Amino acid sequence: MMTLRFSICLFAFLFPISMQAQPKPVAETPQWLEKSVKVARQQLMAATRAYQPGLNPRSTNQDGSARLADYKDWITGFFPGSLWYGYELTGEDKLAKAAERFTLGLDSLRYLTHTHDLGFMIYCSYGNGYRITNDKKYLPVLEQGAKNLNARFNPIPGVIRSWDFGEWKYPVIIDNMMNLEYLYWAAQQFHEPKYTAVANTHALTTMKNHFRNDYSSYHVVDYDPKTGAILQKGTHQGLTNESAWSRGQAWGLYGYTMCYENTKNQKFLDQAEKIAAYIMNHPNTPADKIPVWDYDVHNVKSERAPRDASAAAVIASALIELSTQVKDGKKYLDYAEDMLKSLSGDQYLAKPGENNFFILKHSVGAFLFNSEIDTPLAYADYYYLEALKRYAQVKHFDTKK
Ligand code: GLY
């Protein structure tokens, strides 16, 4: 013991602090990031006072009031998830307490079986709650939700069914790629390797059937559940069956990035990088890099061309993650940084107290259904905060000051 202590003293004497290995110094936080975290904190705190658990903010109605949604709505996990990210970005305990209340208000999610959106609904709320607190009370909903999601897999087409409504026989949408991260996590957490197999099969089938030669994707592929044959490829929320709905491209990019992160399967990384190239090189992308709601809207100045900040936020978050998975990630990080700077400017970032306490303005839900056009959206805020958090981590910025 004495010898060990002596050796430590001798080491400290011979190599003063300045010469010993140091943790990477915290870089000076840029003003735009400080400001956006401050606005996020103010909006989230106000939202926790304005809204009640179980009825979460979704968007803004045409009359300007907040559109709220109960636990059955696909967006329900985003507000609690935003509170968790708000807590991580600011260190504000009140946000963690509110995040817990709004998360536990969604307990009935464990009974839902009718949708693939369980990843969005449960992993963004309960998943973040468990990741951050390690509190086991979040586990039962996470465990049952993963079982329910896995039960929607049919090995004949080799995909998880997305929707139970509509005229389709067995519809699968590109958005479904976002649920796989939950299954990969649940496979480890609950010792269910079959979830990994299901996630891998879904991702590989989708890679084969959803993508065009230019790596843009169809929104909906309808399968015959008895034979696995493809009945139809098209869109639901995009401009045309052959167009590239912007948020769909974002979901695909994010999904394959997370598939690679979880499996290290090179095919998933190649797919993510090809989708990233499609997005980053698209000639219809406006100068501020915030896409119009569909990449095939050619006149980006027309009134039929509102921007979709939600697609931008998802793309930015995915690109930051992708930048950490490859050797030459700088191009992804730089592109995401440009997007985040745009989203953090006056055009997109709300003024505190306005915008029904959402953080970002100018997203599009479903343009051709005349639904949620140019409004805030709960998922734009969620992925924006996630992207800010990832960005600060990668750049060693401290946002808690
Ligand atoms: N997952 C539904 C949407 O992106 O609008």
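The structure we're discussing is the one just above.
This write-up is about the structure you can find in this document. Computed from a predicted model, the values in this text were never measured in an experiment.

Regarding the environment of Y223
Part 1 of the argument: Within the secondary structure, Y223 sits in strand 6 (residues 220-223).
Part 2 of the argument: Taking the C-alpha atoms as reference, Y223 lies 42 Å from A350; in sequence the two are 127 residues apart.
Part 3 of the argument: In this view, Y223 contacts P157, V159, K169, Y170, V172, T205, N209, G228, A229, I230 and L231; residues no more than four positions away in its chain are not counted.

Focus on the side chain of S310
Part 1 of the argument: Counting through the fold element by element, S310 comes out in helix 11 (residues 309-323).
Part 2 of the argument: Within the structure, the side chain of S310 is placed 2.7 Å from the side chain of D308, a separation counted as a polar contact.
Part 3 of the argument: Among residues more than four places away in sequence, those in contact with S310 are R247, S363, V364, L377, Y379 and A380.

Observations regarding the nonpolar core
Part 1 of the argument: Counting residues in hydrophobic clusters, the biggest one holds 120 residues, and the most contacted among them are L142, L319, L340, L343, Y383 and Y384.
Part 2 of the argument: Of the residues forming this core, the biggest block, eleven residues, is contributed by helix 13 (residues 378-395).
Part 3 of the argument: Sequence-distant contacts of L343, that is, excluding residues within four places in its chain, are made with I290, A309, A312, A313, Y348, L349, L360 and Y384.
Part 4 of the argument: Formed by five residues, the second largest nonpolar core is a distinct cluster that contains V159, Y170, V221 and Y223.

Comments concerning the packing of helix 5 (residues 118-133) against helix 7 (residues 180-189)
Part 1 of the argument: It is at 10 Å that the axes of helix 5 and helix 7 come closest, and there the two elements cross at 50°. Put simply, helix 5 runs oblique to helix 7. Both helix 5 and helix 7 take part in a crossing whose hand is left-handed. Residues L118, G119, I122, Y123 and Y130 of helix 5 touch helix 7, and the partners they reach there are E181, Y182, W185 and Q189.
Part 2 of the argument: Classifying every residue of the contact of helix 5 with helix 7 gives six nonpolar, two polar and one charged.

Thoughts on the side chain of N128
Part 1 of the argument: Topologically, N128 is positioned in helix 5.
Part 2 of the argument: According to the relative accessible area criterion, N128 is buried, its value standing at 5%.

Notes on unusual backbone geometry
Part 1 of the argument: Located in the positive-phi region is K264, a residue other than glycine, with phi close to 60°.
Part 2 of the argument: The topology assignment puts K264 in the loop between helix 9 (246-263) and helix 10 (266-280).
Part 3 of the argument: The class of K264 is partly exposed, set by a relative accessible area of 49%.

Parameters at a glance
Residues numbered from 1 in each chain as written. Predicted model: local features only at pLDDT ≥ 70, side-chain atom pairs only at ≥ 80, totals over all residues. Heavy atoms only, no water. Helix = DSSP H or I, 4+ residues; strand = E, 2+ residues; numbered from the N terminus. Contact = heavy atoms within 4.5 Å. Polar contact = N/O pair within 3.5 Å; in protein donor to acceptor, adjacent residues only side chain to side chain. Core = buried A, V, L, I, M, F, W, Y, C linked by side-chain atoms within 4.5 Å. Buried < 20%, exposed > 50% of the residue type's maximum accessible area, 1.4 Å probe, protein only. Axes fitted to C-alpha atoms, helices over the stretch in contact; angles between N-to-C directions. Parallel < 35°, antiparallel > 145°, perpendicular 65-115°, else oblique. Left-handed = near helix turned anticlockwise from the far one by under 90°. Nonpolar A, V, L, I, M, F, W, Y, C, P; charged D, E, K, R; others polar.

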